[in-house]
Amino acid sequence: MLQRLDETAALLLVTGSALALAAAWYFQLVVGLAPCPLCLDQRLPYYAAIPLGLLAFVAARTGRTTLARVLLGVIGLAMVGNTGLAIFHAGVEWKFWSGPTACTGAPVMTGNVLSALKSARVPRCDEAAWRLFGVSMAGWNALIAAGMAVVAFGAATTGRKA
């Protein structure tokens with residue numbers, strides 16, 4: 001039963017990470033919203049969670065529940081860090097505090113590099129490029145990463161003896 005919980009949590013974390021990255025890439029490549037450096041940093045835990053989650057799934061499937069739970073715990077720590085970074089970013093957007101001084105994103109390069117540089121709008125970390133129900137992408141990322149941390153830590157600690 002606990003092995004099944006570890007497998008399910010690992011697959012949820014892999015799927016959630018892949019969906020979060022797909023949404024980020026959709027907004028970047030289809031909608032045309034270039035990410036700022038803080039946005040790019042918030043993608044890193046999702047990139048790490050996919051292979052770690054797959055390894056946790058294989059470990060749980062093969063009966064190595066301790067390894068699976070350690071990997072799930074590592075994902076949980078990464079998502080807690082991501083939640084903190086996303087909250088920081090949202091606070092920068094709301095002007096609660098200052099962001100990094102060099103917080104500008106790189107333009108998306110297509111075709112002629114010089115003309116792309118001239119016409120590129122480089123986003124700043126203190127400007128929310130998109131909001132849904134008043135919450136920016138950084139805010140939504142904080143909620144998603146926090147939820148994933150709960151899933152990861154929940155699976156990593158269920159069934160442990162005190």
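Note that this is a predicted model, so its numbers are computed, not measured.

Definitions and limits used
Residues numbered from 1 in each chain as written. Predicted model: local features only at pLDDT ≥ 70, side-chain atom pairs only at ≥ 80, totals over all residues. Heavy atoms only, no water. Core = buried A, V, L, I, M, F, W, Y, C linked by side-chain atoms within 4.5 Å. Buried < 20%, exposed > 50% of the residue type's maximum accessible area, 1.4 Å probe, protein only. Helix = DSSP H or I, 4+ residues; strand = E, 2+ residues; numbered from the N terminus. Contact = heavy atoms within 4.5 Å. Phe/Tyr/Trp six-rings, centres within 6.5 Å; stacked < 30°, edge-to-face > 60°. Lys NZ or Arg CZ within 6 Å of the ring centre and 35° of its normal. Disulfide = S-S within 2.5 Å. Expected span 1.5 Å × (residues − 1). Patch = residues over 30% accessible without salt bridge, like charges linked within 9 Å, V, L, I, M, F, W, Y side chains within 5 Å. Areas by Shrake-Rupley, 256 points an atom, 1.4 Å probe, with all protein chains shown as cover. Salt bridge = Lys/Arg side-chain N within 4 Å of Asp/Glu carboxyl O.

### Details of the nonpolar core
Thought 1: Of all hydrophobic cores here, the largest spans 19 residues; its most connected members are Leu-13, Tyr-46, Leu-72, Ile-75 and Met-79.
Thought 2: At the level of elements, helix H1 (2-31), helix H2 (37-61), helix H3 (65-93) and helix H5 (137-157) are the ones that each hand at least two residues to this core.
Thought 3: A per-element tally of this core places H5 first, with six residues.
Thought 4: In this view, Ile-75 contacts Leu-13, Ala-49, Leu-52, Gly-53 and Ala-152; residues no more than four positions away in its chain are not counted.

### Brief notes about the packing of aromatic side chains
Thought 1: Applying the stated criterion across every chain yields a total of one aromatic pair.
Thought 2: Relative to Phe-27, the ring of Tyr-26 lies with its centre 5.8 Å away and its plane at 80°, an arrangement referred to as edge-to-face.
Thought 3: Overall, Tyr-26 belongs to the partly exposed group, its relative accessible area being 44%.
Thought 4: In this arrangement the basic side chain of Arg-43 is found over the ring face of Trp-25, its NZ or CZ atom lying 5.0 Å from the centre.

### Overview of the state of the cysteines
Thought 1: In this structure the tally under the stated criterion is zero disulfides.
Thought 2: The thiol sulfur of Cys-39 is not disulfide-bonded, and the nearest other cysteine sulfur, from Cys-36, lies at 3.4 Å.
Thought 3: Overall, the relative accessible area of 27% leaves Cys-39 in the partly exposed class.

### With respect to the side chain of Gln-42
Thought 1: Locating Gln-42 in the fold gives a position in helix H2.
Thought 2: If we skip the residues at most four places from it in the chain, Gln-42 touches Asn-82, Leu-85, Ala-86, His-89, Ala-138 and Asn-141.

### A short note on H3
Thought 1: Between its first and last C-alpha atoms H3 spans 41 Å; for 29 residues at 1.5 Å apiece the expected length is 42 Å, and the two agree.
Thought 2: Of the residues one or two after H3, Lys-95 is the one with positive phi, at around 65°.

### Description of a nonpolar patch on the surface
Thought 1: Taken together, the side chains of Trp-25, Tyr-26, Leu-29, Val-30, Val-31, Leu-44 and Tyr-47 make up a nonpolar region of the molecular surface, amounting to roughly 700 Å² of accessible area.
Thought 2: The set of elements that each furnish at least two residues to the nonpolar patch consists of H1 and H2.
Thought 3: With five residues, H1 is the largest single contributor of residues to the nonpolar patch.
Thought 4: Tracing the backbone shows Trp-25 in helix H1.

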